[in-house]
Protein chains: 2
Amino acid sequence: MILHGYFRSTASWRVRIALGLKGLEAVQASHHLRKGDQRAPDYLALNPQGLLPAFVTDDGAVLTQSLAIIEYLDEVAPQPSLLPADAVLKAKVRAVAQVVACDIHPVQNLKVLQRLRDLGLAEEQVQAWAATTIEEGLDAVDKLLADQPGPFAFGDAPTLADICIVPQLGNARRFGVDIRWPRLAALEAACLELPAFQNAVPGQQPDAE
Amino acid sequence: MILHGYFRSTASWRVRIALGLKGLEAVQASHHLRKGDQRAPDYLALNPQGLLPAFVTDDGAVLTQSLAIIEYLDEVAPQPSLLPADAVLKAKVRAVAQVVACDIHPVQNLKVLQRLRDLGLAEEQVQAWAATTIEEGLDAVDKLLADQPGPFAFGDAPTLADICIVPQLGNARRFGVDIRWPRLAALEAACLELPAFQNAVPGQQPDAE
């Protein structure tokens, strides 16, 4: 298995956590986002979106989109499960993951922020765009978790929701966002006691700068 | 079951298609996006994100995020399945759905475009932002489907991928995007032969203007 990613890419980070929780190892192929490696022809042949990550299975199938990759891993290596068995709870876990993966990350990723700069916005406006997007999204996540028991996002084991929240909190700090959600900080702390989360942080990756 | 949506919301449209394919009926509760109904306190109590759709099950559970809602419907009403049984193919279907639901729609939805206007961008820049986002995303979808048989996105039955692509094509036209992808136009035509897709189009909804 090969994970095409980048140490700081939060979407790659999610897949690294999932691999760790499953006890799986993938070769890491690094593509430097700021240098534009993800738009090189050989990478576009793998993922026409030019986004990270891409995941190559042992059979050579190429999968894209971090949530789809993680659900694939959950299907081929079912233990420990990354989703609750109950259909309603499963939908709630996926919804929280999608708040991060649909409504936060793609609206403040490198590509979108560069587009804002190209349109002539000042750097402080670009940074405020990112911070506001993150804050509004995490506010919603916090409310969606209000009636769920800890220590993780949904009870006593990490799920797809934690896998998305923890990298997003790391990204939030890079944009100077105050982590004003005690419930999210607490689930992050619970996650970071686990080797799968510890080993997936950007600073632990071979391509970390 | 209650579907809180809006006739033009592509995310609500996706859920309408899924309900139709499953032969399920939900009461439609309309929230006028341009008038800001989705930010009214009673709706925020239902969905703290202030986004459409929200879905209330017969047991009163409130679900958010269209892909999570659709996968819930696929689990509680398994026939006809909206995902292939094969794990790799299932991941590919989900990835195409996520290109639309993560990387196109949230980057050019009403809220983001208004934020661009509030930052002082000219209307033509705002429209170009939307069109470019749609074009880049559908270019990727088209390439991801290149080796998949028709007439639908993934073979001879509609899946979650078609459910996301068809509303996105409708949205593309609203932004004046030329539908330059014959494969996508063909799958849309195949879908629109089915009552579930016919009945879900914005013009057929009770709140259509």
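- Chain A carries the name Maleylacetoacetate isomerase in an unreviewed UniProt entry, which gives Brevundimonas guildfordensis as its organism.

**A word on the relation of the copies chain A and chain B**
For step 1, the next point in the chain: Overlaying chain A on chain B yields an RMSD of 0.0 Å, the required transformation being a rotation through 180° with an accompanying axial translation of 0.0 Å. Classification of the inter-copy transformation places it as that of a two-fold axis. If distances are taken from each C-alpha of chain A to the rotation axis, the shortest is found for A:Cys102, at 2.0 Å.
For step 2, the next point in the chain: Taken as a fraction of all interface residues of chain A, those also at the interface in chain B reach 100%, which identifies the copy contact as same-surface.

**Looking at the sheet that holds strand 1 (residues 2-5) of chain A**
Residues and elements named next belong to chain A.
For step 1, the next point in the chain: Spatial strand order, 2-1-3-4: 4 strands in an open sheet with mixed pairing. Each edge of the open sheet is held by one strand with a lone partner, namely strand 2 (27-30) and strand 4 (62-64). Shown here is a sheet whose adjacent strand axes are inclined to one another by a mean of 20°, direction ignored.
For step 2, the next point in the chain: Pairing of strand 3 (residues 54-56) with strand 4 involves 3 bridges; the strand directions are antiparallel. By the bridge assignment, Phe 55 is partnered in strand 4 with Leu 63.
For step 3, the next point in the chain: Helix 1 (residues 10-22) contacts strand 1, strand 2 and strand 3 of the sheet and is inclined by roughly 155° relative to strand 1.
For step 4, the next point in the chain: This element, helix 3 (residues 66-76), spans strand 3 and strand 4 of the sheet and lies at about 125° to strand 4.

**Considering the domain arrangement of chain A**
Residue and element names in this part refer to chain A.
For step 1, the next point in the chain: When its domains are assigned, chain A resolves into domain 1 (2-80) and domain 2 (87-197).
For step 2, the next point in the chain: The partner domain 2 presents 19 residues to the 14 residues of domain 1 that form the contact.
For step 3, the next point in the chain: Counting the surface domain 1 buries against domain 2, the share from its top three residues, Arg 14, Ile 17 and Leu 67, is 35%.
For step 4, the next point in the chain: Linking domain 1 with domain 2 are 1 salt bridge.
For step 5, the next point in the chain: Glu 71 serves as the salt-bridge partner of Arg 94, at 2.7 Å between the closest nitrogen and oxygen.

**A word on the state of the cysteines**
For step 1, the next point in the chain: Within the structure shown, the criterion is met by 0 disulfides over all chains.
For step 2, the next point in the chain: A:Cys102 carries a free sulfur, and the closest cysteine sulfur to it, the one in B:Cys102, is 3.0 Å from it.
For step 3, the next point in the chain: Relative accessible area serves as the criterion here: at 2%, A:Cys102 is assigned to the buried category.
For step 4, the next point in the chain: Considering cysteine sulfurs only, B:Cys164 is the nearest to B:Cys191, which forms no disulfide, with 11 Å between them.

**Details of the packing of helix 3 (residues 66-76) of chain B against helix 7 (residues 160-174) of chain B**
Between two packed helices, both the angle of their axes relative to each other and the distance between the axes serve to describe the pair.
Residues and elements named next belong to chain B.
For step 1, the next point in the chain: Interaxial distance between helix 3 and helix 7 falls to 11 Å at its minimum, and their mutual angle equals 140°. What the angle tells us is that helix 3 and helix 7 run oblique. Taken as a pair, helix 3 and helix 7 cross one another with a handedness that is right-handed. Together, Leu 67, Ile 70 and Glu 71 of helix 3 and Leu 160, Ile 163 and Cys 164 of helix 7 make up the contact between the two elements.
For step 2, the next point in the chain: Across the contact of helix 3 with helix 7, the residue classes tally to 5 nonpolar, no polar and 1 charged.

**Some thoughts on the UniProt feature "domain: GST C-terminal" (unreviewed entry) in chain A**
For step 1, the next point in the chain: Under the feature "domain: GST C-terminal" (unreviewed entry), the UniProt entry names residues 86-209 of chain A.
For step 2, the next point in the chain: Taken as a whole, residues 86-209 of chain A contains 65% helix and 0% strand, while its terminal C-alpha atoms sit 42 Å from one another.

**Considering the packing of aromatic side chains**
For step 1, the next point in the chain: The full count for this structure, using the stated rule, is 3 aromatic pairs over all chains.
For step 2, the next point in the chain: When the ring centre of A:Trp129 is taken as origin, the NZ or CZ atom of B:Arg115, which lies over that ring, is 5.5 Å away.

Cut-off values and rules
- Residues numbered from 1 in each chain as written.
- Chains lettered and ligands numbered in written order.
- Predicted model: local features only at pLDDT ≥ 70, side-chain atom pairs only at ≥ 80, totals over all residues.
- Heavy atoms only, no water.
- Least-squares fit on C-alpha atoms with pLDDT ≥ 70 in both.
- Contact = heavy atoms within 4.5 Å.
- Pairing = 2+ DSSP bridges.
- Helix = DSSP H or I, 4+ residues; strand = E, 2+ residues; numbered from the N terminus.
- Axes fitted to C-alpha atoms, helices over the stretch in contact; angles between N-to-C directions.
- Domains from an automatic or database assignment.
- Buried area = accessible area lost by both parts, 1.4 Å probe.
- Salt bridge = Lys/Arg side-chain N within 4 Å of Asp/Glu carboxyl O.
- Disulfide = S-S within 2.5 Å.
- Buried < 20%, exposed > 50% of the residue type's maximum accessible area, 1.4 Å probe, protein only.
- Parallel < 35°, antiparallel > 145°, perpendicular 65-115°, else oblique.
- Left-handed = near helix turned anticlockwise from the far one by under 90°.
- Nonpolar A, V, L, I, M, F, W, Y, C, P; charged D, E, K, R; others polar.
- UniProt positions renumbered as here; feature names shortened; annotations may be inferred.
- Phe/Tyr/Trp six-rings, centres within 6.5 Å; stacked < 30°, edge-to-face > 60°.
- Lys NZ or Arg CZ within 6 Å of the ring centre and 35° of its normal.

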